[in-house]
Amino acid sequence: MLEISVELTKSPKQKPSESEPLGFGKYYTDHMFIMNYDEGEGWHNPRIVPYQNIALDPAAMCFHYAQEVFEGLKAYRTKSGEIQLFRPEKNMARLNLSNDRLCIPRIDEEFAVETIKKLVSVDKDWVPHGEGTSLYIRPFIFAVDPYVGVHPARHLLFVIILSPVGSYYPQGLNPVKIYVEDEYVRAVKGGMGYVKAGGNYAASLKSQAKAEELGYTQVLWLDGVERKYVEEVGTMNVFFVIDGEVVTPKLTGSVLGGITRLSCIELLREHGYKVTERCISIQEIYDAYESGKLNEAFGSGTAAVISPIGEFRWGDKVIKLTESEIGPVSQFLYDTLTGIQWGKIEDTRGWTQKI
Ligand SMILES: *Cc1c(COP(=O)(O)O)cnc(C)c1O
């Protein structure tokens, strides 16, 4: 394995006070990781350095053609003060899936997990202590060749930054209101919806802004061909409980395979729930609601873990599920996942890795 050099900062930053809400992505730690890729040399010169600006040529390809991929995971502080990661090997495997789709050279997954551990341990005092808080880890890779022709990059950077983040639910689990987007789409089969690329997010901003203007928190994405099948909710995967059965859209190429989604499916099956991955139309959801069989709906993702859905707006139709009450499936998943992540529940599945 490559040796990672470490240059410690001479001017540590003031850490945010833990009595103030940390928010999401407002603060960054003292150090970052950076590694170069150059054609002929491969990935090389991995280093942990003080958090700093990156100087790039204005012709750097990432600015023009969005050859960029990223990941998002968290480090959690347990009650006994240890720090742990949740299934980081899955994130690094997914980073390579994204790399393959965007013609970015693969990284060594095991090395990348070790790198994350090393970086977090350098900045371990930045892992917050408060209930529900964590250290968000953002690995990303982007093309830097100064070349405005369209071409896969020959020179890239792999960077990891860290951000202490607050509890997603300072007031406890809170159902969100969702706008069903039937105009714009996030992704289509054959595109890059199944990978974590910044470009997917650029495509989603317009609908997100529209939903917020209309008083909704997030959008429910429908398929790009017929605007008929449910895909994801905002930046989360989506689940429905219909007549006691848990259903979630299957991964058909335009849906991102979330690690929280996978963990939910595994936990539910272990606990005897019937879970089905299949195509689900928005009409089917509406019909289930009308006949009183739509028990619950929720999103899943690293940031919020589980996000119960209180209401959907689909054209002139409204699906009203709950204003404040949390369904039993949502609550079970939230409690179990956060329990494992923060070390309150014993990890019997090998999902956590200590730093
Ligand atoms: C990251 C992401 C998710 C959730 O993935 P997790 O691994 O559970 O955090 C879902 N949908 C999209 C579009 C995403 O980018």
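Calculation criteria
- Residues numbered from 1 in each chain as written.
- Predicted model: local features only at pLDDT ≥ 70, side-chain atom pairs only at ≥ 80, totals over all residues.
- Heavy atoms only, no water.
- 1 Å grid on protein atoms, 1.4 Å probe; cavity = no way out; pocket = protein on both sides within 12 Å on 5 of 7 lines; lining within 4 Å.
- Points joined across faces, edges and corners; volume = space filled by probe spheres on them.
- Helix = DSSP H or I, 4+ residues; strand = E, 2+ residues; numbered from the N terminus.
- Expected span 1.5 Å × (residues − 1).
- Buried < 20%, exposed > 50% of the residue type's maximum accessible area, 1.4 Å probe, protein only.
- Domains from an automatic or database assignment.
- Contact = heavy atoms within 4.5 Å.
- Buried area = accessible area lost by both parts, 1.4 Å probe.
- Salt bridge = Lys/Arg side-chain N within 4 Å of Asp/Glu carboxyl O.
- Polar contact = N/O pair within 3.5 Å; in protein donor to acceptor, adjacent residues only side chain to side chain.
- Near = heavy atom within 4 Å.
- Areas by Shrake-Rupley, 256 points an atom, 1.4 Å probe, with all protein chains shown as cover.
- Sits in = over half its atoms within 2 Å of the grid points.
- Phe/Tyr/Trp six-rings, centres within 6.5 Å; stacked < 30°, edge-to-face > 60°.
- Patch = residues over 30% accessible without salt bridge, like charges linked within 9 Å, V, L, I, M, F, W, Y side chains within 5 Å.
- Core = buried A, V, L, I, M, F, W, Y, C linked by side-chain atoms within 4.5 Å.
- Pairing = 2+ DSSP bridges.
- Right-handed = clockwise from strand over helix to strand, strands pointing away.

### Brief notes about empty space enclosed by the protein
Part 1 of the argument: Evaluated as defined, the whole model comprises two cavities of 30 Å³ or more.
Part 2 of the argument: Approximately 90 Å³ is the volume found for the largest cavity.
Part 3 of the argument: Taken together, Leu73, Lys74, Tyr76, Phe86, Asn91, Ile259, Thr260, Gly301, Thr302, Val305 and Gln341 make up the full set of residues lining the largest cavity.
Part 4 of the argument: Every element with two or more residues in the lining of the largest cavity is listed here: β5 (73–77) and α5 (259–270).

### Quick look at helix α7 (residues 328–341)
Part 1 of the argument: The first and last C-alpha atoms of α7 sit 20 Å apart over 14 residues, in line with the 20 Å expected at 1.5 Å per residue.
Part 2 of the argument: With 11 of 14 residues buried, α7 is to be regarded as a mostly interior element.
Part 3 of the argument: Every buried residue of α7 is accounted for by Val329, Ser330, Phe332, Leu333, Tyr334, Thr336, Leu337, Thr338, Gly339, Ile340 and Gln341.
Part 4 of the argument: Gly343 sits one or two residues past α7 and shows a positive phi near 70°.

### Remarks on the domain arrangement of the chain
Quoted interface sizes are often the accessible area lost when the parts come together.
Part 1 of the argument: On domain assignment, one finds that the chain holds domain 1 (5–165) and domain 2 (176–341).
Part 2 of the argument: Placing a centre on the C-alpha atoms of domain 1 and another on those of domain 2 gives a separation of 27 Å.
Part 3 of the argument: Counting residues at the interface gives 19 residues for domain 1 and 21 residues for domain 2.
Part 4 of the argument: Buried area between domain 1 and domain 2, summed over both chains or domains, comes out near 1,800 Å², and the portion from carbon and sulfur atoms is 61%.
Part 5 of the argument: When the buried area of domain 1 at its contact with domain 2 is split by residue, Phe86, Arg94 and Arg101 rank highest and sum to 33% of it.
Part 6 of the argument: At the surface where domain 1 touches domain 2, the tally comes to one salt bridge.
Part 7 of the argument: Arg87 is the salt-bridge partner of Glu266, the closest N and O atoms lying 3.2 Å from each other.
Part 8 of the argument: Our count for the contact surface shared by domain 1 and domain 2 stands at 13 residue pairs in polar contact (both at pLDDT 80 or more).

### Quick word on the site of the ligand
Part 1 of the argument: As a structural note, the neighbourhood of the ligand is formed by 14 residues, with Lys196, Tyr201, Glu232, Thr260 and Thr302 the closest of them.
Part 2 of the argument: Side-chain polar atom of Arg94 to an oxygen atom of the ligand: 2.8 Å apart, as the coordinates give it.
Part 3 of the argument: Between the ligand and the protein, one listed contact pairs an oxygen atom with a side-chain N or O atom of Lys196 at 2.7 Å.
Part 4 of the argument: Contact with the protein chains covers 96% of the free accessible surface of the ligand, which is 380 Å².
Part 5 of the argument: Here the ligand occupies the largest pocket.

### Comments concerning the packing of aromatic side chains
For any two aromatic rings, the description comes down to two numbers: the centre-to-centre distance and the angle of the planes.
Part 1 of the argument: Overall, the coordinates contain 15 aromatic pairs when judged by the stated rule.
Part 2 of the argument: With centroids separated by 4.8 Å and ring planes inclined at 80°, the aromatic side chains of Tyr76 and Trp342 adopt a geometry described as edge-to-face. Of this pair, Tyr76 sits in strand β5 while Trp342 is found in the loop between α7 and β18 (352–354), placing the two residues 266 residues apart along the sequence. This pair shows no difference in class: Tyr76 is buried, exactly as Trp342 is.
Part 3 of the argument: Aromatic pair Tyr286 and Tyr289: ring centres 6.2 Å apart, planes at 50°, arrangement tilted.

### With respect to the environment of Asp125
Part 1 of the argument: Secondary-structure assignment places Asp125 in the loop between α3 (109–122) and β7 (134–143).
Part 2 of the argument: Its relative accessible area of 56% is what places Asp125 among the exposed residues.
Part 3 of the argument: Separated by 96 residues in sequence, Asp125 and Thr29 place their C-alpha atoms 9.3 Å apart.
Part 4 of the argument: In this view, Asp125 contacts Lys15 and Arg77; residues no more than four positions away in its chain are not counted.

### Things to note about a nonpolar patch on the surface
Part 1 of the argument: Residues Tyr65, Val148 and Val150 make up a contiguous nonpolar surface patch of about 310 Å² in total accessible area.
Part 2 of the argument: Tracing the backbone shows Val150 in the loop between β7 and β8 (155–165).

### Describing the nonpolar core
Part 1 of the argument: Within the largest apolar cluster, 47 residues are counted, with the highest numbers of intra-cluster contacts made by Leu220, Phe240, Ile285, Phe312 and Leu333.
Part 2 of the argument: The residues touching Leu220, leaving out its near neighbours within four places in the chain, are Ile178, Tyr179, Val180, Glu181, Val230, Glu232, Val233, Val238, Ile282 and Phe312.
Part 3 of the argument: Met35, Phe111, Ala112 and Leu119 belong to the second largest nonpolar core, which has 36 residues in total.

### Here we look at the pairing of strand β10 (residues 218–222)
Part 1 of the argument: Most of β10 is tucked away: five of the five residues are buried.
Part 2 of the argument: Burial of the side chains of β10 extends over both faces: Gln218, Leu220 and Leu222 are buried on one face and Val219 and Trp221 on the other.
Part 3 of the argument: One ladder, built from four bridges, connects strand β9 (residues 176–181) with β10; its direction is parallel. By the bridge assignment, Val180 is partnered in β10 with Leu220.
Part 4 of the argument: In this region the chain leaves β9, passes through helix α4 (residues 198–213) and returns to the parallel neighbour β10; the handedness of that crossover is right-handed.

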